[in-house]
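Residue-level listing of the chains:
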Amino acid sequence: MTDFLEFTGERFTPECVREIWLEHWHRYAFATSFARDRRVLDAACGEGYGSALLARHARSVVGLDVSATTIEHAKRRYAAPNLHYAVADVTALDQMANASFDLIVSFETLEHVARQSEMLAGFRRLLAPGGLLLVSTPDKRTYTDLTGVVNEHHVRELYRPEFEALIEAHFPVHRLLAQKLLFQSVLWDPDCAPTFSRAATMHPDRIDPKLDYDALYYIALCAMDPGDIELGPGHVHLFGDAAESVYRHYNDEIRKHIAAGHRLVAQENQIAALQAEIARLNAALQQR
């Protein structure tokens, strides 16, 4: 029987569905392209699903989380020869050797800790020459300010300028990518891997030749040397599930609403007919 970890809202679990599923898996799917044959640290690995995905591509993966219960779960569910899980506070990694990793990923961790600068300083120390850090966090403006929703598990959320200033205090080079679930119409060559060169976003008064949306999350690629980030400007990375779960759920809900609308119209017509019949009967009674 599969060992499932209860979803509390603090850590994502693979049993979650639709938007949250796509957001979390996308980050790790993106990271796999940097993980091949590298020594990888998944800092605040949570349930362990991402570390296990990275382990399919990496030389070795270490997944760390502050929760002993979560780590024991990850060890049971995702055992692999090149995958190791351990309990650790990612803001205090003094026990780990300098330059011991080629790739560090830490997705949706920053906002959960107060010692954010200490965490990034530790990551810089642990990166080997030529190493790369991928770190993500929600944008406070779009995630909290515009929605009015407060995540009780977040200690300190960051606006984009704050996020970039924090990174620049520890890494001389970084590239920022925006992340958001979008409804898009896509044109692609069905016979080969895509090379994206065009995008367009419709506004009421214009069409912008780019993806022009407010990011919900930011992912930063951080390094010590510009040559360590092999990612050109304008980079786009798409991710989806073949079952199209979000779109299918959307269509299911639309069909339910349409069907409910038809039933409502039928009921309103029936009520109108009954009211007309009552009025006719009342008029007939008054004539007697």
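Relevant structure appears above.
In this text, all values refer to a predicted model and were calculated from it rather than measured experimentally.

Below, the discussion takes up the pattern of salt bridges. Under the counting rule described, the total for this entry stands at 13 salt bridges. A salt bridge links Arg 77 to Glu 15; the shortest N-O distance between them is 2.8 Å. Of this pair, Arg 77 sits in helix α3 (residues 68-77) while Glu 15 sits in the segment before α1 (19-35); the two residues are 62 residues apart in sequence, bridging distant segments of the chain. Classification of Glu 15 by relative accessible area gives partly exposed; the value is 33%.

All right, on to a nonpolar patch on the surface then. Together, Leu 182, Val 186, Trp 188, Phe 196, Leu 211, Tyr 213, Val 236 and Leu 238 make up an exposed nonpolar region whose accessible area comes to about 720 Å². Summarising the element assignment, Tyr 213 is placed in the loop between β8 (207-208) and β9 (217-223). Here Tyr 213 falls in the partly exposed class, since its relative accessible area comes to 35%.

On to the side chain of His 26, then. Along the chain, the position of His 26 falls in helix α1. Apart from the residues lying within four places of it in its own chain, the contact partners of His 26 are Gln 179, His 237, Leu 238 and Phe 239.

Below, the discussion takes up the environment of Asp 3. With respect to the secondary-structure elements, Asp 3 resides in the segment before α1. Since its relative accessible area comes to 24%, Asp 3 is described here as partly exposed. Taking C-alpha positions, Asp 3 is 40 Å from Met 224, a pair spaced 221 residues apart along the chain. Apart from residues no more than four positions distant in its own chain, Asp 3 is found in contact with His 73, Arg 76 and Arg 77.

This brings us to the packing of aromatic side chains. Under the counting rule described, the total for this entry stands at seven aromatic pairs. Between Trp 21 and Trp 25, the ring centres sit 6.0 Å apart and the planes meet at 45 degrees, which makes this aromatic pair tilted. Highlighted residues: Trp 21 and Trp 25, both in helix α1, separated by four residues, approximately one helical turn. Overall, the relative accessible area of 22% leaves Trp 21 in the partly exposed class. Its relative accessible area of 17% is what places Trp 25 among the buried residues.

A few words now on the environment of Ile 229. Tracing the backbone shows Ile 229 in the loop between β9 and α7 (245-286). When the C-alpha atoms of Ile 229 and Leu 133 are compared, they prove to be 9.7 Å apart, with 96 residues separating the residues in sequence.

Here we take up unusual backbone geometry. Positive phi values are uncommon outside glycine, yet Asp 37 reaches one of about 60 degrees. For Asp 37, the position within the fold is in the loop between α1 and β1 (39-43). Phi is positive for Glu 108, which is not a glycine, with a value near 55 degrees. In this structure, Glu 108 sits in the loop between β4 (101-106) and α4 (116-126). Given a relative accessible area of 14%, Glu 108 falls into the buried group.

Conventions and cut-offs
Residues numbered from 1 in each chain as written. Predicted model: local features only at pLDDT ≥ 70, side-chain atom pairs only at ≥ 80, totals over all residues. Heavy atoms only, no water. Salt bridge = Lys/Arg side-chain N within 4 Å of Asp/Glu carboxyl O. Helix = DSSP H or I, 4+ residues; strand = E, 2+ residues; numbered from the N terminus. Buried < 20%, exposed > 50% of the residue type's maximum accessible area, 1.4 Å probe, protein only. Patch = residues over 30% accessible without salt bridge, like charges linked within 9 Å, V, L, I, M, F, W, Y side chains within 5 Å. Areas by Shrake-Rupley, 256 points an atom, 1.4 Å probe, with all protein chains shown as cover. Contact = heavy atoms within 4.5 Å. Phe/Tyr/Trp six-rings, centres within 6.5 Å; stacked < 30°, edge-to-face > 60°.

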